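A look at the structure
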Amino acid sequence: MRFCSFRSADALACDPASETLSAGGKTHIVAETRDAFGRFVGYVYSKNGAAQQTVSASYEAATGRFAGAGFLHGGAQKTFSYSYLAGTSLPQTLTCPNGMTETRAYEATRDLLASVKNTVNGSVISR
């Protein structure tokens, strides 16, 4: 069970979440981390004390908007990153670790999605 409380008008304090399971002679632990605002910033799954998988999330310092996510599995770091249309909170670009990029365009006078273009390593695969 998690316990959260407000530290101030804009900060939430949460106890770190950790779950432990012992089965088949092995101990499995999932430990979650949160930032000073109570936002999820990652977790580590470990088996018998050795990290098996690490997942992370990041936020823009100036705006607090979601900026990206990543995972480490088998020694390889994979990162997904987001960018936003200038002057808005509308997502514009998603870049994936496999070389795929999704780019969104919006109508000029409204926040309505007008098009989505997907590319892999620079080659357009759909519009």
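A brief look at the structure comes next. All of these numbers come straight from a predicted model, not from anything done at the bench.

Calculation criteria
Residues numbered from 1 in each chain as written. Predicted model: local features only at pLDDT ≥ 70, side-chain atom pairs only at ≥ 80, totals over all residues. Heavy atoms only, no water. Salt bridge = Lys/Arg side-chain N within 4 Å of Asp/Glu carboxyl O. Buried < 20%, exposed > 50% of the residue type's maximum accessible area, 1.4 Å probe, protein only. Pairing = 2+ DSSP bridges. Helix = DSSP H or I, 4+ residues; strand = E, 2+ residues; numbered from the N terminus.

So, about the pattern of salt bridges. Under the counting rule described, the total for this entry stands at 5 salt bridges. Arg-39 is paired through a salt bridge with Asp-35; the nearest N and O atoms lie 2.7 Å apart. The partly exposed category is assigned to Arg-39, whose relative accessible area is 24%. Between Glu-102 and Arg-104 there is a salt bridge, and its shortest N-O distance comes to 2.8 Å.

Where strand 6 (residues 50-59) meets strand 7 (residues 66-73), 7 bridges bridge the pair, whose relative direction is antiparallel. If you follow Val-55 over to strand 7, its bridge partner there is Phe-71. In this structure, the hairpin formed by strand 6 and strand 7 is closed by a connection of 6 residues, where Gly-64 is found at a positive phi of approximately 80 degrees. One ladder, built from 6 bridges, connects strand 7 with strand 8 (residues 76-84); its direction is antiparallel. Each bridged residue has a counterpart across the sheet, and for Leu-72 the counterpart in strand 8 is Gln-77. In this antiparallel pair of consecutive strands, strand 7 and strand 8, the connection spans 2 residues, and Gly-74 shows a positive phi of 65 degrees.

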